[in-house]
Amino acid sequence: MCDAVTVFESFIRYPTEIDPPFIDGGGIAARVPGRPYRLNSFQFVKLTPRGWLRPKGDAFTPAPAYMGGDMVKSYDVIVIGGGHAGCEAAAAAARAGARTLLATHRIDTIGEMSCNPAIGGLGKGHLVREVDALDGLMARVIDCAGIQFRMLNRSKGPAVRGPRAQADRRLYRETMQALLGEVDNLEIAEVSIEDLDVSRGTNGGLKVNGVIAADGTIIHAGAVVLTTGTFLKGVIHIGDRRIQAGRANSRAADRTWGGVEPPALGLSERLYAMGFKMGRLKTGTPARLNGETIDWASLDMQPADDRPVPFSFMTDKIAVPQIACGVTGTTKVTHQIIADNIEKSAVYGGGISGRGPRYCPSIEDKVVRFAERDSHQIFLEPEGLDSATVYPNGISTSLPEDVQAAFLKTIPGLERAEVIRYGYAIEYDYVDPRALTQALEVKALGGLFLAGQINGTTGYEEAAAQGLMAGVNAARLVAGSAPFSLDRSEAYIGVMIDDLITHGVTEPYRMFTSRAEYRLTLRADNADQRLTPCGIEAGIVSASRARAFHMKQSALDEARDWALETTLTPNAAAKHGLKINQDGRRRSVVDLLALPGISLKELAGIWPQLGDMAPAIAEQLEFDALYSGYLHRQEADIVAFKKDESLLLPTDLDYEAIKGLSNEVRAKLIAARPATLGQAGRIEGVTPAALALLLAWVKKHKARARAVSGQS
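Residues numbered from 1 in each chain as written. Predicted model: local features only at pLDDT ≥ 70, side-chain atom pairs only at ≥ 80, totals over all residues. Heavy atoms only, no water.

Engineer: How should empty space enclosed by the protein be read in this particular structure?
Structural biologist: Applying the stated criterion to the full structure yields 2 cavities of 30 Å³ or more. In this structure, the second largest cavity occupies an estimated 30 Å³ of space. Among the elements that make up the lining of the second largest cavity, the one with the highest residue count is strand S20 (residues 278–285) (3 residues). (1 Å grid on protein atoms, 1.4 Å probe; cavity = no way out; pocket = protein on both sides within 12 Å on 5 of 7 lines; lining within 4 Å. Points joined across faces, edges and corners; volume = space filled by probe spheres on them. Helix = DSSP H or I, 4+ residues; strand = E, 2+ residues; numbered from the N terminus.)

Engineer: Looking at this structure, how should I read unusual backbone geometry?
Structural biologist: Only a minority of non-glycine residues have a phi that is not negative, and only a minority of peptide bonds are not trans. Although it is not a glycine, Lys233 sits at a positive phi angle of roughly 50 degrees. Inspection of the secondary structure assignment puts Lys233 in the loop between strand S15 (218–226) and strand S16 (235–238). Located in the positive-phi region is Arg673, a residue other than glycine, with phi close to 45 degrees. Assignment of secondary structure puts Arg673 in the loop between helix H18 (663–672) and helix H19 (677–681).

Engineer: What should I look at first to understand the confidence of the model for the chain in this one?
Structural biologist: For any part of a model where pLDDT is low, the fine detail of the predicted coordinates should not be relied upon. Mean pLDDT over the chain: 85, with 87% of residues reaching 70 or higher. Taken as a whole, residues 3–72 scores under 50 in pLDDT and shows 152 contacts with residues more than four places along the chain or in a different chain. (pLDDT = per-residue confidence, 0-100. Contact = heavy atoms within 4.5 Å.)

Engineer: I tried to follow the nonpolar core on my own but got confused; where do I start?
Structural biologist: Where a protein is soluble and globular, its nonpolar side chains tend to be buried together. The biggest cluster of nonpolar side chains holds 110 residues, and the ones touching the most others in it are Ile119, Tyr172, Leu180, Ile193, Leu448 and Ile493. If one sorts the elements of this core by residue count, helix H9 (residues 460–479) sits on top with 10 residues. (Core = buried A, V, L, I, M, F, W, Y, C linked by side-chain atoms within 4.5 Å. Buried < 20%, exposed > 50% of the residue type's maximum accessible area, 1.4 Å probe, protein only.)

Engineer: Help me understand the sheet that holds strand S23 (residues 325–329) in this model?
Structural biologist: What holds strands together in a sheet is hydrogen bonding between their backbones, with the strands either parallel or antiparallel. Spatially, S22-S23-S24-S25-S21-S26 is the arrangement adopted by the 6 strands of the open sheet, whose pairing is antiparallel. The outermost strands of the open sheet, each flanked by one partner alone, are strand S22 (300–302) and strand S26 (419–421). Strand-to-strand twist in this sheet, taken as the mean axis angle between neighbours without regard to direction, amounts to 35 degrees. (Pairing = 2+ DSSP bridges. Axes fitted to C-alpha atoms, helices over the stretch in contact; angles between N-to-C directions.)

Engineer: I'm lost on the packing of aromatic side chains in this one. Help?
Structural biologist: Here the distance between the centres and the angle between the planes together describe a pair of aromatic rings. Using the criterion set out here, one finds 3 aromatic pairs in the structure. Consider the rings of Phe149 and Phe311, whose centres lie 6.2 Å apart with planes at 50 degrees: the pair is tilted. Residue Phe149 is located in strand S10 (residues 146–152), and its partner Phe311 is located in the loop between S22 and S23; the two are separated by 162 residues in the primary sequence. Note on accessibility: Phe149 and Phe311 belong to one class, buried. In this arrangement the basic side chain of Arg129 is found over the ring face of Phe313, its NZ or CZ atom lying 5.6 Å from the centre. (Phe/Tyr/Trp six-rings, centres within 6.5 Å; stacked < 30°, edge-to-face > 60°. Lys NZ or Arg CZ within 6 Å of the ring centre and 35° of its normal.)

Engineer: Would you mind going over the pairing of S15 with me for this structure?
Structural biologist: Walk down a regular strand and you will see the side chains alternate between the two sheet faces. Summarising the sheet, strand S7 (residues 74–80) and S15 pair through 6 bridges and their orientation is parallel. Opposite Val79, over in S15, you have Val225 as the bridge partner. The pairing of S15 with strand S29 (residues 448–450) spans 3 bridges and is parallel. What sits directly across from Leu226, in S29, is Leu450.

Engineer: What's the story with the pairing of strand S24 (residues 377–382) in this structure? I'm lost.
Structural biologist: Where S23 lies against S24, 4 bridges are found, and the strand directions are antiparallel. Each residue of the ladder has a partner; that of Gly329, found in S24, is Gln377. Across 4 bridges, S24 lies against strand S25 (residues 389–393) in antiparallel orientation. In the sheet register, Phe379 faces S25, and the bridge partner there is Asn393. As consecutive antiparallel partners, S24 and S25 are separated by 6 residues.

Engineer: Just to check I follow, could you spell out the packing of helix H6 (residues 332–340) against helix H8 (residues 401–408) for this structure?
Structural biologist: How two helices sit against one another is set out by the angle between their axes and by the gap between those axes. Close contact between H6 and H8 brings their axes to 9 Å; oriented N to C, the two are set at 165 degrees. Comparing their axes, H8 and H6 come out roughly antiparallel. The two elements H6 and H8 meet at a crossing, and its hand is right-handed. Across from Thr334, Ile337 and Ile338 in H6, the residues of H8 making contact are Val403, Ala406 and Phe407. In the contact of H6 with H8, the residues fall into 5 nonpolar, 1 polar and no charged. (Parallel < 35°, antiparallel > 145°, perpendicular 65-115°, else oblique. Left-handed = near helix turned anticlockwise from the far one by under 90°. Nonpolar A, V, L, I, M, F, W, Y, C, P; charged D, E, K, R; others polar.)

Engineer: What should I look at first to understand the pattern of salt bridges in this one?
Structural biologist: Pairing of side chains with opposite charge becomes possible as their charged atoms draw close. Inspection of every chain in the model, using the stated rule, returns 38 salt bridges. In this structure, Arg241 engages Glu401 in a salt bridge whose closest nitrogen and oxygen atoms are separated by 2.7 Å. One end of the pair, Arg241, is in strand S17 (residues 241–244); the other, Glu401, is in helix H8, with 160 residues separating them in the sequence. Overall, Arg241 belongs to the partly exposed group, its relative accessible area being 34%. Across the pair Arg560 and Asp624 runs a salt bridge whose closest N-O atoms are separated by 2.4 Å. Residue Arg560 is found in helix H12 (residues 543–565), and its partner Asp624 is found in helix H17 (residues 615–645); the two are separated by 64 residues along the sequence. On the basis of relative accessibility, which here comes to 22%, the residue Arg560 falls in the partly exposed class. Taking relative accessible area as the criterion, Asp624 reaches 18% and is therefore assigned buried. Three or more residues joined by partner-sharing salt bridges are found here, namely Arg488, Asp498, Asp499, Glu517, Glu645 and Arg682. (Salt bridge = Lys/Arg side-chain N within 4 Å of Asp/Glu carboxyl O.)

Engineer: What is the right way to read the layout of surface pockets from this model?
Structural biologist: Over the atoms, a rolling probe the size of a water molecule traces out where space has been left empty. If you add up the space inside the second largest pocket, you get close to 1,100 Å³. Mapped by element, the contributors of at least two residues to the lining of the second largest pocket are helix H11 (527–538), H12 and H17. For the lining of the second largest pocket, the element with the most residues is H17, which contributes 7 residues. In terms of residue class, the lining of the second largest pocket is built from 15 nonpolar, 4 polar and 12 charged.

Engineer: How do you make sense of H11 when you look at a structure like this?
Structural biologist: Since one α-helical turn is 3.6 residues long, residues separated by three or four positions face the same way. Its 12 residues give H11 an end-to-end C-alpha distance of 16 Å, which sits within 8% of 16 Å, the value for a rise of 1.5 Å per residue. Inspection of H11 places Ala527, Asp528, Gln529, Arg530, Leu531, Thr532, Gly535 and Ala538 among the buried residues, and these make up the whole buried set. Buried residues along H11 sit against helix H2 (124–133), H9, H12 and H17. At the exit of H11 stands Gly539, carrying a positive phi of roughly 80 degrees. (Expected span 1.5 Å × (residues − 1).)

Engineer: Mind showing me how you'd approach the sheet that holds strand S11 (residues 162–167) here?
Structural biologist: Taken together, the 3 strands give an open sheet; going across it, the order is S9-S11-S10, and neighbouring strands pair in antiparallel fashion. In this open sheet, the two edge strands, each paired with only one partner strand, are strand S9 (118–120) and S10. Pairs of neighbouring strands in the sheet enclose a mean axial angle of 15 degrees, with direction left out of account. With 3 bridges joining them, S9 and S11 adopt antiparallel strand pairing. Within S11, the residue paired with Ile119 across the bridge is Ala165. Across the face of the sheet, H2 comes into contact with S9, S10 and S11 while running at roughly 80 degrees to S9.

Set out below in structure tokens:
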């Protein structure tokens with residue numbers, strides 16, 4: 001799979017038409033007289049601002065494009081944005097059979113890791129495994145690009161373990177681009193989308209018909225997915241400086257202040273003009289350091305796991321070389337410099353109105369909020385195997401460059417570190433996610449789907465999961481199929497979407513294992529068992545993954561049957577050194593694995609078959625046994641949950657007509673428009689008494705509707 005990454009080292013030459021190639025930014029380029037174009041690393045050629053060519057064999061042949069001449073101008077789905085949400089949305093829509101266009105400002109930044117080049121973590125790792133189980137891209141990409149794999153919470157139970165991997169930034173970007181280049185039904189265009197083509201449908205509601213490019217060209221589509229990241233009216237803050245930009249990028253065309261990429265202004269204005277409830281959020285990033293100027297010898301080092309655990313269920317083993325990260329921390333002097341200059345921070349100086357992530361605060365926030373602390377830990381994470389750039393994880397900031405330079409020199413190991421790019425905060429628009437359905441479609445604008453930071457989330461993993469769901473549902477809308485959804489009992493993806501559309505956000509949303517009521521069921525290790533059958537039924541799982549899943553499931557079923565049928569008496573167990581109650585009751589292998597202090601390795605000494613099992617099968621057997629008692633009890637809770645979720649509330653329910661509801665509860669229900677009784681119950685402030693009134697009202701009106709239907 002990783003061999004699919006192709007960075008062109010040569011160029012197909014036509015001496016009569018093409019000048020010798022030259023390297024330009026992120027791709028290989030060449031000149032045609034009067035027609036400049038670029039060959040990017042995943043085989044797309046830009047012919048003119050109005051057309052594309054794709055190399056085929058030893059010649060260039062025309063390919064359909066978003067505009068120009070008689071070329072295709074209509075798609076089933078258009079995805080705007082080439083970040084993590086956009087990549088998954090475009091690939092998922094195409095896998096679902098939709099003719100899809102991925103529109104992005106710059107093709108060479110598709111799959112860019114804008115902040116920390118790392119994937120996974122506690123809660124986040126669960127999302128990545130779920131995306132993979134539905135045949136998404138992120139897990140396969142990080143398996144090809146990860147340079148430090150670590151299983152977080154390894155000493156704790158499987159339900160709260162979190163796979164994480166530091167990535168080689170370049171490898172990640174190129175692998176994502178390569179995999180997208182292999183997706184059928186998907187075309188990619190470098191075009192700035194500034195507006196939506198909107199009309200009123202036959203039912204009187206608004207619907208999206210496509211998008212409008214910066215030059216006024218209308219590109220038609222049955223559905224549009226917006227994945228704008230931090231680009232929606234984005235503003236970079238560093239001290240008292242304000243730069244309109246979606247993000248900083250040293251490879252960007254505008255080389256001022258390290259290079260920036262332009263924000264999406266027109267789309268933001270369109271959303272405001274249509275009356276969307278919107279707000280501002282912020283996030284931040286630390287300075288990037290020259291690793292060759294860091295005193296690594298003075299630092300503690302954190303190695304990768306001896307046996308890296310892949311993210312994707314399709315990856316056999318990790319082949320990428322693994323590296324160690326350095327560990328250091330701030331000092332009292334660091335904190336004093338920051339405290340003395342706190343008013344120069346964009347956040348504390350009043351320059352930023354948007355709220356930042358509470359769980360990932362800037363170093364200014366840490367110094368103010370945890371004034372009693374003398375030090376805060378910093379992980380020095382290399383950004384690539386062949387890159388000198390280091391990401392100092394833990395000191396994101398919006399302080400001016402001179403203050404950043406001063407406090408960095410007070411950190412052990414960084415006394416002589418050179419800064420490649422200073423840290424900054426970025427503020428951007430988001431849409432209140434309570435405006436969305438569970439399919440991530442905008443309730444008031446049919447055919448428009450939102451995914452990623454535009455919905456108030458933060459993190460690559462949350463964005464990818466939303467992108468996949470939005471892409472699938474955009475394709476299903478165009479095809480006339482019912483939406484594809486996952487509820488809180490089925491997936492962390494379901495937990496996240498339900499949280500967003502039910503509660504909205506007041507700060508950037510991040511996934512934690514504690515957000516899931518059924519986390520013993522929703523483990524990272526069993527994501528494929530939970531979700532791959534759903535993906536197969538939805539038509540978004542490849543034949544190769546489906547075959548691999550069925551083979552694994554067959555082996556697992558066989559192992560489970562054997563483990564349930566194979567038993568041992570207490571006396572026989574004692575002879576093997578197993579300490580169990582001498583109650584005369586035979587215990588199966590599953591029963592024994594569920595007991596504390598008895599491991600699969602120990603039982604393999606009694607039954608060699610356990611040692612011969614494939615590691616993935618043996619591990620799954622052990623984890624299932626560990627939680628077997630708890631899972632039976634949790635199943636009862638899930639049944640009760642499903643009962644409430646199955647009671648649908650009418651989309652046009654008149655809450656004003658329901659007597660007994662308080663004004664506060666009525667206002668919250670009107671704002672959220674919950675789809676089910678269960679969702680209504682999760683809205684803050686909606687009491688059990690209010691739910692009883694809702695239930696009675698729905699039952700009464702359903703009975704009345706049945707009676708009327710019977711009379712007619």
